[in-house]
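Fold and geometry: a report
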Amino acid sequence: MAVLLWVSALSLLVWLWLAVGHGFFWRTDQRLPTRRDPGRWPRVAVVVPARDEAGVLPDSLPTLLAQDYPGEARVILVDDHSSDGTGELAAALADGPDGGGLPLTVTTPPPLPEGWTGKLWALRHGVELAGDAQWLLLTDADIAHGPTSLRELVAAAEGNGLDLVSQMARLRVRTGWERLIVPAFVYFFAQLYPFRWSNRPGGRTAAAAGGCSLVRRTALERIGGVAAIRGAVIDDVSLAREVKRSGGRTWLGLAEQVDSVRPYPGLGPLWRMVSRSAYAQLRHSVVLLAGTVLGLSLVYLVPPAALAVGLAAGWWGPAVLGGAAWAVMAGTYLPMLRYYRQPAWAAVLLPFTALLYLLMTVDSAVQHWRGRGAAWKGRTYPRPAEPARHEGRA
């Protein structure tokens, strides 16, 4: 009983600290900062890397082409050697009745060189074609944008002197597995990279969301272009880190006009979404993996276990402490559930979801040890070598 009592007490203390001392990561009030229309709207190029995305393009690409942007803007879709007709479909959508608005360029990059991830090689090619655009909106092929999304991103960046403005797209939550896992995915990301800390000028924390990142061209050039992060699997965080290290100002928040249209119909696709990059997030370190497993167990699994065992054995100390920790945990999860329009009672399921994430993380490490690395879209990426800083421009 003594061990369980102390462990449950420690879990409660950790949760109290997380609730008030960890950047208020659980709050969902980090939205686009004050927008002021610039006197002169800058030129923008929207770069969309796409590999085998024919299934989602009809729901996403027309929203980019229909952007209500007062300045000069264009869309560059980089067809990364797709096998499903992605490039042809994109061109057809631009020529169709819903194409309208912004001009579209469809292009294919040269063969993927060693040391690059496919997405970043495609981005590099798109950025090269962007010419002298002052801002680059890097967005994924499965992301749909509201009609004024680009205007508001540019206004927020220009009006607040930012070099990188990123929004975490609202992911789809229609199936049971999506409702269980997706809100927690964003919650855990915010816990790992508290948005307030990331948005603090000069702070050490830096993060972005790859689905929607508006970056100033001069800031990208200052870090050496896309080549500076060419081997990164978690490219969005790497980009924000490099921009911030170079003296740039970054901002990350939750989206109101940016939505992912990619479906995750079952547990398998969601599992792969998390496991493909989890071990890379831990820098391929066994020590960090062990610490993560222990940390997740202490924070998310001990509270319900202490409550259940305490009630069963009549040990009221662990039961009370475990129940209190679980209550604090659930309370911090409620804002994210509200953001995703999910019922409040789902907050009590967070320990089960955390257990799934723990297993996904371990599976990510196992796949790496088996030589499968970060597998995605038919490609497998081993642990990247540390790139030379400020090498090349893109």
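Rules behind the numbers
- Residues numbered from 1 in each chain as written.
- Predicted model: local features only at pLDDT ≥ 70, side-chain atom pairs only at ≥ 80, totals over all residues.
- Heavy atoms only, no water.
- Patch = residues over 30% accessible without salt bridge, like charges linked within 9 Å, V, L, I, M, F, W, Y side chains within 5 Å.
- Areas by Shrake-Rupley, 256 points an atom, 1.4 Å probe, with all protein chains shown as cover.
- Salt bridge = Lys/Arg side-chain N within 4 Å of Asp/Glu carboxyl O.
- Helix = DSSP H or I, 4+ residues; strand = E, 2+ residues; numbered from the N terminus.
- Buried < 20%, exposed > 50% of the residue type's maximum accessible area, 1.4 Å probe, protein only.
- Axes fitted to C-alpha atoms, helices over the stretch in contact; angles between N-to-C directions.
- Parallel < 35°, antiparallel > 145°, perpendicular 65-115°, else oblique.
- Contact = heavy atoms within 4.5 Å.
- Nonpolar A, V, L, I, M, F, W, Y, C, P; charged D, E, K, R; others polar.
- Pairing = 2+ DSSP bridges.
- UniProt positions renumbered as here; feature names shortened; annotations may be inferred.
- Expected span 1.5 Å × (residues − 1).
- Bend = angle between axes of the 7 residues up to and from the residue.
- pLDDT = per-residue confidence, 0-100.
- Left-handed = near helix turned anticlockwise from the far one by under 90°.
- Phe/Tyr/Trp six-rings, centres within 6.5 Å; stacked < 30°, edge-to-face > 60°.
- Lys NZ or Arg CZ within 6 Å of the ring centre and 35° of its normal.

Here we look at a nonpolar patch on the surface
- Nonpolar side chains collect at one region of the surface, where W177, F352, L355 and L359 lie side by side and expose about 340 Å² of accessible area between them.
- Element by element, the count of residues in the nonpolar patch is highest for helix 13 (residues 350-369), at 3 residues.
- Assignment of secondary structure puts L359 in helix 13.
- For L359, a relative accessible area of 39% translates into the label partly exposed.

Observations regarding the packing of helix 6 (residues 176-192) against helix 12 (residues 316-339)
- Relative to each other, helix 6 and helix 12 sit at 100°, their axes nearing to 10 Å. By the angle class used here, helix 6 and helix 12 are roughly perpendicular. Listed contacts from helix 12 to L180, P183, A184, V186 and Y187 of helix 6 are M329, T332, Y333, M336 and L337.
- Residue classes in the contact of helix 6 with helix 12 are distributed as 9 nonpolar, 1 polar and no charged.

Quick look at the pairing of strand 8 (residues 250-260)
- Most of strand 8 is tucked away: 8 of the 11 residues are buried.
- Where strand 5 (residues 143-145) and strand 8 come together, 3 bridges link them in antiparallel fashion. Bridged to H145 within strand 8 is V258.
- In this sheet, strand 8 lies alongside strand 6 (residues 164-170) in parallel orientation, the contact comprising 6 bridges. Bridging from a neighbouring strand, R170 pairs with D259 of strand 8.

Structural notes on the UniProt feature "transmembrane region" (unreviewed entry) in the protein
- Following the UniProt record, one finds the feature "transmembrane region" (unreviewed entry) at residues 282-303, 315-337 and 344-362.
- Helix makes up 82% of residues 282-303 and strand makes up 0%, while its end C-alpha atoms are separated by 25 Å.
- This span, residues 315-337, is 96% helix and 0% strand, and a straight line between its end C-alpha atoms measures 32 Å.

Remarks on helix 12
- Between its terminal C-alpha atoms helix 12 stretches 35 Å, which fits the 34 Å expected from 24 residues at 1.5 Å a residue.
- The largest bend in helix 12 comes to about 30°, at Y333, with the proline P335 one to four residues further on.
- P318, A319, G322, A325, M329, A330, T332, Y333, P335, M336, L337 and Y339 are the residues of helix 12 that are buried.
- In this structure, the buried side of helix 12 is in contact with helix 1 (2-21), strand 6, helix 6, strand 8, helix 11 (286-313) and helix 13.
- The first or second residue beyond helix 12 is R341, which carries a positive phi of 55°.

Structural notes on the sheet that holds strand 3 (residues 104-107)
- An order of 3-2-1-4-7-6-8-5 is seen for the 8 strands of this open sheet, with the pairing classed as mixed. Because the sheet does not close on itself, it has two edges, and the strands there are strand 3 and strand 5. For this sheet the average axis-to-axis angle between neighbouring strands, irrespective of direction, equals 30°.
- Lying on the sheet, helix 5 (residues 149-160) is in contact with strand 1 (44-50), strand 2 (73-79), strand 4 (135-139), strand 5, strand 6, strand 7 (212-216) and strand 8; it crosses strand 7 at an angle near 45°.

A word on the confidence of the model for the protein
- Of the residues in the protein, 93% have a pLDDT of 70 or more, and the chain-wide mean is 92.
- When the criterion is pLDDT under 50, residues 385-394 qualifies, and its contacts beyond four places in sequence or with other chains add up to 24 contacts.

Details of the packing of helix 11 against helix 13
- Close contact between helix 11 and helix 13 brings their axes to 9 Å; oriented N to C, the two are set at 165°. In this view, helix 11 runs roughly antiparallel relative to helix 13, as classed from their interaxial angle. Helix 13 is crossed by helix 11, and the crossing has left-handed handedness. Here V286, L289, V293, L296, S297, Y300, L301 and P304 of helix 11 lie close against helix 13, whose contacting residues are L350, P351, A354, L355, L358, T361, V362, A365 and W369.
- Partitioning the contact of helix 11 with helix 13 into residue classes produces 15 nonpolar, 2 polar and no charged.

Section: helix 9 (residues 235-245)
- Burial of helix 9 is extensive: 9 of the 11 residues sit out of reach of the surface.
- Turning to helix 9, its buried residues number three or more, namely D235, D236, V237, S238, L239, A240, E242, V243 and K244.
- Following helix 9 by one or two positions, G247 adopts a phi angle in the positive range, close to 100°.

Quick word on the packing of aromatic side chains
- Throughout the structure, instances matching the rule amount to 13 aromatic pairs.
- Look at F188 and Y300: their rings are 5.4 Å apart centre to centre, the planes differ by 80°, and that puts the pair in the edge-to-face class. A residue pair is termed long-range when its members are at least 10 positions apart, and F188 in helix 6 and Y300 in helix 11 qualify at 112 residues. An identical accessibility class is assigned to F188 and Y300; each is buried.
- Plain terms: the ring middles of Y279 and W369 are 5.9 Å apart, the flat faces sit at 80° to each other, and that makes the pair edge-to-face. In this pair, Y279 sits in helix 10 (residues 267-281) while W369 sits in helix 13, placing the two residues 90 residues apart along the sequence.
- Among the aromatic side chains, those forming a connected cluster through ring pairs are W15, F25, Y187, F188, Y300, Y333 and Y357.
- Just above the ring of Y339 sits the side chain of R170; from NZ or CZ to the centre is 4.1 Å.

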